[in-house]
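Architecture and fold: a report
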Amino acid sequence: MKNILILGANSDVAKQALKRYAEAGHLVMAASRNMESIQSFIQENALDTQKISLLYFDAEDFSSHQRFYESLPQKPHIVVYAAGFLSQNNIALFDFSKAHQMMKVNYIGAVSILNIIAMDKDNNNLERIIGLSSLSGVRGRKSNFVYGSTKSAFTQYLAGLRQELSGRKITVNVLVIGYINTKINQGLQLNPNLIMQPDFVAKYIVHAGKKLCHRSPLEMENHLQNSTMVARAMGCPFAINLQTDLGRQLHRKFRGQFPVIHGVHVG
Ligand SMILES: NC(=O)c1ccc[n+]([C@@H]2O[C@H](COP(=O)([O-])OP(=O)(O)OC[C@H]3O[C@@H](n4cnc5c(N)ncnc54)[C@H](OP(=O)(O)O)[C@@H]3O)[C@@H](O)[C@H]2O)c1
């Protein structure tokens, strides 16, 4: 049984991870601005309330982070940073407050709280830090480069943190993820063939450390881009999504012939 700290636990993906962790018998500290919503999720899914504590956490309230960490009911073995904010590029380019909010939630807040957690050498429990990053942080694109640049910074921070913590045998995983069907994407028109479900991604979070995907983020990015182009050109039929049974069958049958989407890269 491990102590799991989920930061930004009201994320649709994080909630599925919370469910998986709790059902596996771990103690979960769910940290979020919206504790009521998590409470409802726990009730709807009949999760064991003894195994889950709800904590208030605001990624943007940097000055509260030290206090937040010191008041945790137990020190974590595994930390998941799931908080994220997305403002569309055409808004963020004109309204700096939106760009700034993305920087604060996706990068600065993460560095603030994860530095505190990572540098606590008295916490002998700590064994893994997992950050949810994005394919948009691999290559800048016209459609979302402001958001993408904050995710890129987060990815690079985690890569360095991995080296920093390796001497203490603490693993850092960065999940570079494609599109997911969550509220962050509400209102965006995304190719339905390329969208993963939150629980599919949650599986990669709770199994981080096991080799589930072999592609590098750049390879994934190319695949996603090729798949999007091919799918658009052909009305979507041939971009294979390995999340679906059909996708897996097609992949086995036509290996190498169609673009394949590996939606989550665990680094
Ligand atoms: N969906 C995708 O396509 C996709 C792809 C790649 C990576 N990601 C990343 O995956 C992570 C999870 O996102 P999601 O897809 O599950 O979307 P989501 O449901 O919108 O989750 C994002 C969460 O971040 C929380 N958050 C925002 N600002 C915060 C703050 N100041 N303090 C604490 N929490 C804050 C939100 O809290 P509230 O509920 O209180 O608003 C929300 O629950 C994010 O980091 C996102 O960038 C998503």
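Residues numbered from 1 in each chain as written. Predicted model: local features only at pLDDT ≥ 70, side-chain atom pairs only at ≥ 80, totals over all residues.

With that settled, consider the overall build of the chain. If you tally the helices and strands in the chain, you get 9 helices and 9 strands. Counting over 267 residues, the chain shows a buried share of 39%. Relative to all contacts within the chain whose residues are 6 or more apart in sequence, the contacts with residues 24 or more apart total 69%. (Helix = DSSP H or I, 4+ residues; strand = E, 2+ residues; numbered from the N terminus. Buried ≥ 20, exposed ≤ 12 C-beta atoms within 10 Å, placed from the backbone. Contact = placed C-beta atoms within 7 Å.)

Right, let's talk about helix 1 (residues 12-23) for a bit. The terminal C-alpha atoms of helix 1, which comprises 12 residues, lie 17 Å apart, in line with the 16 Å expected from a rise of 1.5 Å per residue. Among the residues of helix 1, Val 13, Ala 14, Lys 15, Gln 16, Ala 17, Leu 18, Tyr 21 and Ala 22 are the ones counted as buried. Following helix 1 by one or two positions, Gly 25 has its phi on the positive side, about 95 degrees. (Expected span 1.5 Å × (residues − 1).)

Moving on to helix 5 (residues 96-118). Here helix 5 spans 31 Å end to end across 23 residues, near enough to the 33 Å set by a 1.5 Å rise per residue. Its maximal kink placed at Lys 104, helix 5 deviates by approximately 45 degrees. Taken residue by residue, helix 5 has Met 102, Met 103, Lys 104, Asn 106, Tyr 107, Gly 109, Ala 110, Ile 113, Leu 114 and Ile 117 as its buried positions. In this fold, the buried residues of helix 5 make contact with strand 1 (3-7), helix 3 (65-70), strand 4 (78-81), helix 4 (89-92), strand 5 (128-134) and helix 6 (145-166). (Bend = angle between axes of the 7 residues up to and from the residue.)

Helix 7 (residues 198-206) packs onto helix 1 with a crossing angle of 55 degrees between their chain directions and a minimal axis gap of 8 Å. Taken together, helix 1 and helix 7 sit at an angle that is classed as oblique. Relative to helix 7, helix 1 is oriented so that their crossing is right-handed. Seen from helix 1, the contacting residues are Asp 12, Val 13, Gln 16, Ala 17, Arg 20 and Tyr 21; seen from helix 7, they are Pro 198, Asp 199, Val 201, Ala 202, Ile 205 and Val 206. Split into classes, the residues belonging to the contact of helix 1 with helix 7 amount to 8 nonpolar, 1 polar and 3 charged. (Axes fitted to C-alpha atoms, helices over the stretch in contact; angles between N-to-C directions. Parallel < 35°, antiparallel > 145°, perpendicular 65-115°, else oblique. Left-handed = near helix turned anticlockwise from the far one by under 90°. Nonpolar A, V, L, I, M, F, W, Y, C, P; charged D, E, K, R; others polar.)

Glancing now at the site of the ligand. With respect to spatial proximity, 26 residues lie near the ligand, and among them Asn 10, Ser 11, Gly 84, Thr 182 and Ile 184 are the closest. If you list the elements that add at least two residues to the shell around the ligand, you get helix 1 and strand 5. For the shell around the ligand, the per-class residue count stands at 12 nonpolar, 9 polar and 5 charged. (Near = placed C-beta within 6 Å.)

Glancing now at the environment of Lys 98. Turning to its location among the elements, Lys 98 is positioned in helix 5. Classification of Lys 98 by C-beta neighbours within 10 Å gives partly exposed; the count is 19. Expressed as a C-alpha distance, the spacing of Lys 98 and Ser 87, which sit 11 residues apart in the sequence, is 6.2 Å. Not counting residues within four places of it along the chain, the set of residues in contact with Lys 98 comprises Ser 87, Ile 91 and Ala 92.

This part is about the pairing of strand 1. Here strand 1 lies mainly inside the structure; 5 of its 5 residues are buried. By the bridge criterion, 5 bridges tie strand 1 to strand 2 (residues 27-32) in an arrangement that is parallel. Residue pairing in the sheet places Ile 6 in a bridge with Ala 30 of strand 2. Between strand 1 and its parallel partner strand 2, the chain crosses via helix 1, and the hand of that crossover is right-handed. Here strand 1 pairs with strand 4 via 4 bridges, running parallel. Residue Leu 5 lies in a different strand from strand 4, and its bridge partner there is Val 79. (Pairing = 2+ DSSP bridges. Right-handed = clockwise from strand over helix to strand, strands pointing away.)

Let's shift gears to the environment of His 207. Secondary-structure assignment places His 207 in the loop between helix 7 and helix 8 (217-233). Between the C-alpha atom of His 207 and that of Ala 17, which follows or precedes it by 190 residues, the distance is 9.9 Å.

Attention now goes to the nonpolar core. In terms of nonpolar packing, the biggest core is built from 60 residues, with Ile 6, Leu 7, Ala 17, Val 28, Val 80, Ala 82 and Ile 205 touching the most fellow members. Examining the composition of this core, we find that 7 residues originate from one element, helix 5, more than from any other. The contact partners of Ile 205, leaving out residues within four places of it in the chain, are Ala 17, Val 80, Ile 130 and Leu 175. (Core = buried A, V, L, I, M, F, W, Y, C linked by C-beta atoms within 7 Å.)

Across the two faces of strand 4 the burial is the same, with Ile 78 and Val 80 and Val 79 and Tyr 81 all buried. Here strand 4 runs beside strand 5; their pairing, made up of 4 bridges, is parallel. Note that in strand 5 the partner of Val 80 across the bridge is Ile 130.

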